[in-house]
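# Residue-level structural notes
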Amino acid sequence: MVRLVLPSTKYRKSFLEAVKEFKKENNWYVLSVNMPIDEVAKNFLAYVRRVRNLSKGIGLVKGYVPETVYWLTDGKKFIGRASIRHRLTKHLRLIGGHIGYEVRPTERKKGYGKKILELALPKARKLGIKKVLVTCDETNTASRKIIEYCGGVFEDARSQGKGKPKKLRFWITN
Ligand SMILES: CC(C)(COP(=O)(O)OP(=O)(O)OC[C@H]1O[C@@H](n2cnc3c(N)ncnc32)[C@H](O)[C@@H]1OP(=O)(O)O)[C@@H](O)C(=O)NCCC(=O)NCCS
């Protein structure tokens, strides 16, 4: 059964395999914290604690707000990650939004992207987020479809600077 769960050592093997897949596309968001991958592998329990502490505001990068990280799993398999930021900063309001997500490359195009945002919304609601800002690059068709599937109402497209795609901003009433 596909579930959105808090990070746990139970998923160590599958998570580390997924990180290797993300590495091929130079995507490190899946780690949630800045920790070298060999250290993550060596001390997975410490890693998991660090990620879970983000929701308590412990170990945040300067200027970041507390965020709760969830993993989309099926049995012991890691499928993807969602990060729910508890409130918006100026930057999040413009670019990042409340919820970020990614699906491991070998599990894409199976509906898990839609699933991950769908399951993240009630978690956000529990955090008191009733109007959820979700954003994506204008070039990210898959993400746009996911946001619209989950009820996202387009607000505007913001510049991210020269040579970069515009950021599309959507609000979901939660
Ligand atoms: C974006 C991402 C989460 C999509 O995950 P996914 O599991 O493939 O998504 P789904 O299977 O639920 O697909 C959602 C829709 O997008 C479509 N889609 C998926 N990948 C696509 C692609 N590469 N190009 C165009 N459409 C795509 C699907 O066909 C589906 O369309 P439908 O609604 O018409 O059926 C995944 O590609 C990813 O993790 N990318 C890297 C990180 C990222 O971009 N995160 C989002 C940040 S805003």
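The structure under discussion appears in the preceding block.
Residues numbered from 1 in each chain as written. Predicted model: local features only at pLDDT ≥ 70, side-chain atom pairs only at ≥ 80, totals over all residues. Heavy atoms only, no water.

Here we take up the site of the ligand. The environment of the ligand is formed by 18 residues, the closest being Val103, Lys109, Gly111, Lys114 and Asn140. Between Tyr101 and the ligand, the recorded distance is 2.8 Å, taken from a backbone N or O atom to a nitrogen atom. Take Lys145: an N or O atom from its side chain is 3.0 Å from an oxygen atom of the ligand. Those elements giving two or more residues to the shell around the ligand turn out to be β4 (99–103), α5 (112–126), β5 (131–137) and α6 (141–149). Among the elements that make up the shell around the ligand, the one with the highest residue count is α6 (5 residues). Of the residues that constitute the shell around the ligand, the class distribution is 6 nonpolar, 6 polar and 6 charged. (Near = heavy atom within 4 Å. Polar contact = N/O pair within 3.5 Å; in protein donor to acceptor, adjacent residues only side chain to side chain. Helix = DSSP H or I, 4+ residues; strand = E, 2+ residues; numbered from the N terminus. Nonpolar A, V, L, I, M, F, W, Y, C, P; charged D, E, K, R; others polar.)

Summed over the entire model, instances satisfying the criterion amount to 11 salt bridges. The salt bridge involving Glu21 is made with Arg104; its shortest N-O contact spans 2.7 Å. Within this pair, whereas Glu21 is found in helix α1 (residues 12–24), its partner Arg104 is found in the loop between β4 and α5, the two being separated by 83 residues in sequence. For Arg104, a relative accessible area of 5% puts it in the buried group. (Salt bridge = Lys/Arg side-chain N within 4 Å of Asp/Glu carboxyl O. Buried < 20%, exposed > 50% of the residue type's maximum accessible area, 1.4 Å probe, protein only.)

Looking at the secondary structure, you find Leu121 in helix α5. When the C-alpha positions of Leu121 and Leu60 are compared, they lie 23 Å apart, and in sequence the two are 61 residues distant. Among all residues touching Leu121, those that are not within four sequence positions of it are Ile99, Val132, Cys150, Ile172 and Asn174. (Contact = heavy atoms within 4.5 Å.)

Reading across from one edge, β1-β2-β3-β4 is the order of the 4 strands in this open sheet, with antiparallel pairing throughout. For this open sheet the edge positions go to β1 (2–5) and β4, each flanked by a neighbour on one side alone. Sheet twist, expressed as the mean angle between neighbouring strand axes with direction ignored, is 20°. Note that β1 and strand β2 (residues 67–74) share 4 bridges and pair antiparallel. In the sheet register, Val2 faces β2, and the bridge partner there is Asp74. (Pairing = 2+ DSSP bridges. Axes fitted to C-alpha atoms, helices over the stretch in contact; angles between N-to-C directions.)

Enumeration over the complete set of coordinates arrives at 9 aromatic pairs. When the ring of Phe15 is compared with that of Phe78, the centres are 5.0 Å apart and the planes differ by 85°; the resulting orientation is edge-to-face. With Phe15 in helix α1 and Phe78 in strand β3 (residues 77–85), this pair connects stretches of sequence that are 63 residues apart. Residue Phe15 shares its accessibility class with Phe78, and that shared class is buried. Phe78 gets classed as buried once you look at its relative accessible area, which sits at 0%. Ring pairs connect the aromatic residues Tyr11, Phe15, Phe44, Tyr47, Trp71 and Phe78, which therefore count as one cluster. The cationic tip of Lys114 hangs over the ring face of Tyr149; the distance from NZ or CZ to the ring centre is 4.7 Å. The ring of Phe154 carries the charged tip of Arg144 above its face, separated from the ring centre by 5.7 Å. (Phe/Tyr/Trp six-rings, centres within 6.5 Å; stacked < 30°, edge-to-face > 60°. Lys NZ or Arg CZ within 6 Å of the ring centre and 35° of its normal.)

Attention now goes to the sheet that holds β5. Strand order in the open sheet formed by 3 strands is β5-β7-β6, with antiparallel pairing between adjacent strands. Only two strands of the sheet have a single partner each, and these edge strands are β5 and β6 (153–158). Direction aside, the axes of adjacent strands within the sheet are offset by 25° on average. Across 7 bridges, β5 lies against strand β7 (residues 167–173) in antiparallel orientation. Residue pairing across strands places Asp137 opposite Lys167, the latter belonging to β7.

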